[in-house]
Amino acid sequence: MNKIELPVSAAEIAKLRVGDLVSISGVLVTARDAAHKYLVENYVRGPLPPEEKPLADKLYPLLKDGMIYHCGPVVSQDEKGKWHMVAAGPTTSTREEPYQGPVIEHFGVRGVIGKGGMGEKTLAACQKATAVYLHAVGGAASLLAAHIVEVLDVYKAEAFGLPEAFWVVRVDGFPAVVTMDSHGRSLHKDMLATSSAAFEKLADEIRRG
Amino acid sequence: MKRYPKFRDWVVELLRRASTDLPEDVVASLEAAREREEARSPAHSVLVSILRNVEIAREKSTPLCQDTGTNVFLVYHPLGVSTREMAVEIREAVAIATEKSYLRPNSVDSVTDKNTGDNLGPGHPYLHFEEWDRDEIWVRVMLKGGGCENVGAQYSLPDARLSAGRDLKGVEVAVLDAINQAQGKGCGPGVIGVCIGGDRAASLSAAKQQHFRKLDDLNPDAELAALEARLMDKANRLGIGPMGFGGKTTTLAVKATAANRLPASFFVSVSYMCWECRRRDMWIRNGEMAIE
């Protein structure tokens, strides 16, 4: 088991290889569809609208050497107004494929946590900017919420809705598997090739049988 | 409902159980999968996490998954019970279950892109009522998440790309292709529902309803039972494994049904359910409620 403390250096990330089990501790940010579109339109492409400057000042330091979690949680608010994560598993990552590479490179993100894997553009960005894709267990939302020990802040909750907002959270021992590393390897690409070869053989068996 | 004043509260409880408490047959199947996978492999670690998640969700009464899915209701009722009244109270129960965080606000207006906030709107929840001759009400609910719904598929045979003809061999190739295309994206190991034939809409609906079947049941149709067994064996030989990490367990079950088709059509529909096959049954007999 590889322990990762956030923020994390490029050198630490470069040590990770496809198939490694990791446990992550520190502060990370959730972001899904609306958030990624917002980051690309206002920050990567720019220019940054002046009214977004206060949020930019928060997001840049959080994302630099930090991690993004593809997650739209179930949350609850206690009587003091503090937020808690009730269920917080990963969502399908491939929807962010058009945005992820530019976001990784622009902000210096070191890791993206999600499920289902991502494509060639993200894999290339991971290699170029020394980042990894980490696969969390899809559907394990109550278990993963237990590793989110504190909700520090939430941004854009009004504009994007609660599941789509940026949730700034502190995690402790959050478990994931490296499925795309910074050396150009993707378990998802390899698995599709292996299982498709097996499929062709089995399909032949069926057709002849 | 005048006849059952607690009906709405009972449906809230049914939703809580469906969202937080995985059925025993699914848990047993996941435990068997954990024993099959090699210790310390990513596949094994996934199944360990999955089973721990099941325990935590049950203990804390929190959703197994944050995507609490499309809420699919099938209601069987005797003559004289108002389906209109039941529909009103089921909708109210869905909104209450959302307020209580058993369900995530999960219903988005497809034109305006606005989340309705209470899981209500056209098509949400999905309701189907059927009258029967028994003097009891059976409410079945299934929560079907978006990740696995996205990897479902429908084939029109013959399929030239797959060299799949209009026979059970063609069906087998098509279903296996759907499982291979899904990879780990539907949160496998998956529970696969298949319908052979029907029109497009009825076929997909029947495929999805297969997820109501217990994983360890036996198809009463011997030919379909044999097809299920063949598909189960071959799907697991694809080696995709839990979450697509590789391993021996790609599917937990394959369940198939058939509907008549027109001579001109031959559809094969595949519904992929994630490992978290969330479903619960509620029975109302002699004024009393029981959840199974």
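Here the structure is a predicted model, which means the values were calculated and not measured.

Caption draft 1: Region of the structure containing the overall build of chain B. Scanning chain B from terminus to terminus reveals eight helices and nine strands. Since a compact globule built from 292 residues should have a radius of gyration of about 19 Å, the 19 Å found for chain B is in line with a globular shape. Taking the principal axes of the C-alpha coordinates as reference, chain B spans close to 55 × 50 × 45 Å. Relative to its full complement of 292 residues, chain B shows a buried share of 49%. At a minimum sequence separation of 6, the contacts of chain B that also span at least 24 residues come to 75%.

Caption draft 2: Structural context of the domain arrangement of chain B. All names here are of chain B. Assigned domains of chain B: these are domain 1 (7-18 + 64-145 + 278-291) and domain 2 (147-273). With centres defined by C-alpha atoms, the gap from domain 1 to domain 2 works out at 26 Å. Contacts between domain 1 and domain 2 engage six residues on the former and seven residues on the latter. Among the elements that line the side of domain 1 that touches domain 2, the one with the most residues is strand β3 (residues 137-144), at three residues. Among the residues forming the side of domain 1 that touches domain 2, the class breakdown is one nonpolar, one polar and four charged.

Caption draft 3: The arrangement of the interface of chain B and chain A in detail. Between chain B and chain A, the residue contacts involve 44 residues of the former and 41 residues of the latter. Broken down by secondary-structure element, the contributors of at least two residues to the side of chain B that touches chain A are α3 (42-60), α6 (168-182) and α8 (222-237) of chain B. Of the residues forming the side of chain B that touches chain A, the biggest block, ten residues, is contributed by α3 of chain B. Among the residues forming the side of chain B that touches chain A, the class breakdown is 18 nonpolar, 16 polar and ten charged.

Caption draft 4: Quick peek at the packing of helix α1 (residues 7-20) of chain B against helix α4 (residues 83-99) of chain B. Residue and element names in this part refer to chain B. Where α1 meets α4, the axes come as close as 8 Å, and the angle between the chain directions of the two elements is 50°. As judged from the angle between their axes, α1 and α4 are oblique. As for the relative orientation of α1 and α4, their crossing is right-handed in sense. Note on element contacts: α4 touches α1 through Met86, Glu89, Ile90, Glu92, Ala93, Val94, Ile96 and Ala97, opposite Phe7, Arg8, Val11, Val12, Leu15 and Arg16. Among the residues forming the contact of α1 with α4, the class breakdown is ten nonpolar, no polar and four charged.

Caption draft 5: Seen up close, the sheet that holds strand β6 (residues 251-259) of chain B. Residue and element names in this part refer to chain B. Reading across from one edge, β4-β7-β5-β6 is the order of the four strands in this open sheet, with mixed pairing throughout. Two strands in the sheet have a free side with no partner beyond their single neighbour: β4 (153-156) and β6. On average, adjacent strands in this sheet sit at an angle of 15° to one another, irrespective of strand direction. Across six bridges, strand β5 (residues 190-197) lies against strand β7 (residues 267-273) in antiparallel orientation. Within β7, the residue paired with Gly193 across the bridge is Ser271. Here helix α7 (residues 200-209) sits on the sheet and contacts β4, β5, β6 and β7; the angle it forms with β7, its principal contact strand, is near 35°.

Caption draft 6: The sheet that holds β3 of chain B, seen in detail. All names here are of chain B. Taken in spatial order, the five strands line up as β2-β1-β3-β8-β9 in an open sheet, and their pairing is mixed. Each edge of the open sheet is held by one strand with a lone partner, namely β2 (126-131) and β9 (288-291). This sheet shows a mean twist of 15° between the axes of neighbouring strands, independent of strand direction. Pairing of β3 with strand β8 (residues 278-285) involves seven bridges; the strand directions are antiparallel. Bridge pairing in β8 places Met142 opposite Arg279. Packing against the sheet, α4 makes contact with β1 (70-77) and β2, and its axis sits at approximately 150° to β1.

Caption draft 7: View of the packing of helix α8 (residues 187-208) of chain A against α6 of chain B. Where α8 of chain A meets α6 of chain B, the closest approach of the two axes is 9 Å, and the angle between their N-to-C directions is 175°. By the angle between their directions, the pair α8 of chain A and α6 of chain B is classed as roughly antiparallel. Contacts between α8 of chain A and α6 of chain B involve Ser195, Ser196, Phe199, Leu202, Ala203, Ile206 and Arg207 of chain A on the former and, on the latter, Lys169, Glu172, Val173, Leu176, Asp177 and Asn180 of chain B. Of the residues contributing to the contact of α8 of chain A with α6 of chain B, the split by class is six nonpolar, three polar and four charged.

Conventions and cut-offs
- Residues numbered from 1 in each chain as written.
- Chains lettered and ligands numbered in written order.
- Predicted model: local features only at pLDDT ≥ 70, side-chain atom pairs only at ≥ 80, totals over all residues.
- Helix = DSSP H or I, 4+ residues; strand = E, 2+ residues; numbered from the N terminus.
- Rg over C-alpha atoms; globule rule 2.2 N^0.38 Å.
- Buried ≥ 20, exposed ≤ 12 C-beta atoms within 10 Å, placed from the backbone.
- Contact = placed C-beta atoms within 7 Å.
- Domains from an automatic or database assignment.
- Nonpolar A, V, L, I, M, F, W, Y, C, P; charged D, E, K, R; others polar.
- Axes fitted to C-alpha atoms, helices over the stretch in contact; angles between N-to-C directions.
- Parallel < 35°, antiparallel > 145°, perpendicular 65-115°, else oblique.
- Left-handed = near helix turned anticlockwise from the far one by under 90°.
- Pairing = 2+ DSSP bridges.

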